[in-house]
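Each chain is listed here by its residues.
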Amino acid sequence: MNSPHPHSSARATAAPRAVIASGAGRYADPWHPYAATSTRLADILRGDGWHVEVIDDPDCALASLEGAQLLVVNAGDPWRGDNTTRGIDPAAESGLDAALDRGIGVIATHSALSSLRDYPSWRAAIGGEWEEGRSWHPEIGDATVRVVDPERSLVGEDFTIFDERYTDLVVDSGVSVLAVHDLDGVAHPVVWTNETRPGTRLVRSVVSALGHDARAYDSAGLRALLARAARWAGGVED
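Quick notes on the rules
- Residues numbered from 1 in each chain as written.
- Predicted model: local features only at pLDDT ≥ 70, side-chain atom pairs only at ≥ 80, totals over all residues.
- Heavy atoms only, no water.
- Pairing = 2+ DSSP bridges.
- Helix = DSSP H or I, 4+ residues; strand = E, 2+ residues; numbered from the N terminus.
- Axes fitted to C-alpha atoms, helices over the stretch in contact; angles between N-to-C directions.
- Contact = heavy atoms within 4.5 Å.
- Phe/Tyr/Trp six-rings, centres within 6.5 Å; stacked < 30°, edge-to-face > 60°.
- Lys NZ or Arg CZ within 6 Å of the ring centre and 35° of its normal.
- Buried < 20%, exposed > 50% of the residue type's maximum accessible area, 1.4 Å probe, protein only.

Asks: Would you mind going over the sheet that holds strand β1 (residues 17-22) with me for this structure?
Replies: One key point about sheets: their strands pair by backbone hydrogen bonds, in either a parallel or an antiparallel sense. Taking strand neighbours across the sheet as the criterion, the 9 strands line up as β2-β1-β3-β4-β11-β10-β9-β6-β7 in an open arrangement whose pairing is mixed. A single partner strand is all that each edge strand has here, and the edge strands are β2 (51-55) and β7 (159-163). Between one strand axis and the next, the sheet turns through 25 degrees on average, direction left out of account. In this structure, strand β9 (residues 176-183) lies alongside strand β10 (residues 186-196), joined through 7 bridges in antiparallel fashion. Bridged to Ser176 within β10 is Thr193. Strands β3 (70-74), β4 (105-109), β7, β10 and β11 (203-208) of the sheet are contacted by helix α5 (residues 220-234), whose axis makes an angle of about 165 degrees with β11.

Put into structure tokens, the structure is as follows:
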């Protein structure tokens, strides 16, 4: 990972545009309050100078990325239901691929690790996934996020959070793991970065497996992480 230069906010330039693809329709589920968590995400980004658009249809969001510097996916698994919930939206596919080709920044939060399964370029960009039959989580509760990135450039210091701790995720060997949670003596990645070049520009992605519900966003550590992650992924500098 290329280390970002320290900077205090995104306000030094004209407001960059961020699109939050929020879970609804085939991307909704009974467990995740996407409207509430997407609102918290939008508040974090707006507070750091972003122009934010929350779109409650991820397929529509992917088709609406022209001019955006950042894509945040906060949505669920479209394959959770029967086969009628699967299928590629051509406009969404071309929109996502075009945005990645030009180097849009990416943030994947929590269940985004199992989202957009119809679009292989999403999985390639984020460098990991929730795998059915392997990945799981203990009961939601208080947890410590331990930083393992020696530069501490995005995550900062260890922090506490009330959240689901995604465990035994599939994490590609080429990513840079920044933070973990510890369970029974095993460190499980919960924050990492991935850099790919699907087109002419580098794509910077930040994955945060945190953020089950609004209580997770009460953590100052998570809010600060996401603000820094957005600037780094979106290429926003002072």
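Once the structure has been displayed, the description carries forward.
Asks: What am I meant to see in the packing of aromatic side chains here?
Replies: Taken as a whole and assessed by the stated rule, the structure comprises 1 aromatic pair. Sitting over the ring of Trp79, Arg86 keeps its end group 4.4 Å from the ring centre.

Asks: How do you make sense of unusual backbone geometry when you look at a structure like this?
Replies: Note: most residues except glycine have negative phi, and most peptide bonds are trans. Of note in the backbone geometry, Arg152 takes a positive phi value of approximately 50 degrees without being a glycine. Within the secondary structure, Arg152 is located in the loop between β6 (141-147) and β7. Residue class for Arg152 comes out partly exposed when judged on its relative accessible area of 32%. The backbone of Asp168 sits at a positive phi, close to 60 degrees, despite the residue not being glycine. On the secondary structure map, Asp168 appears in the loop between β7 and β8 (170-171).

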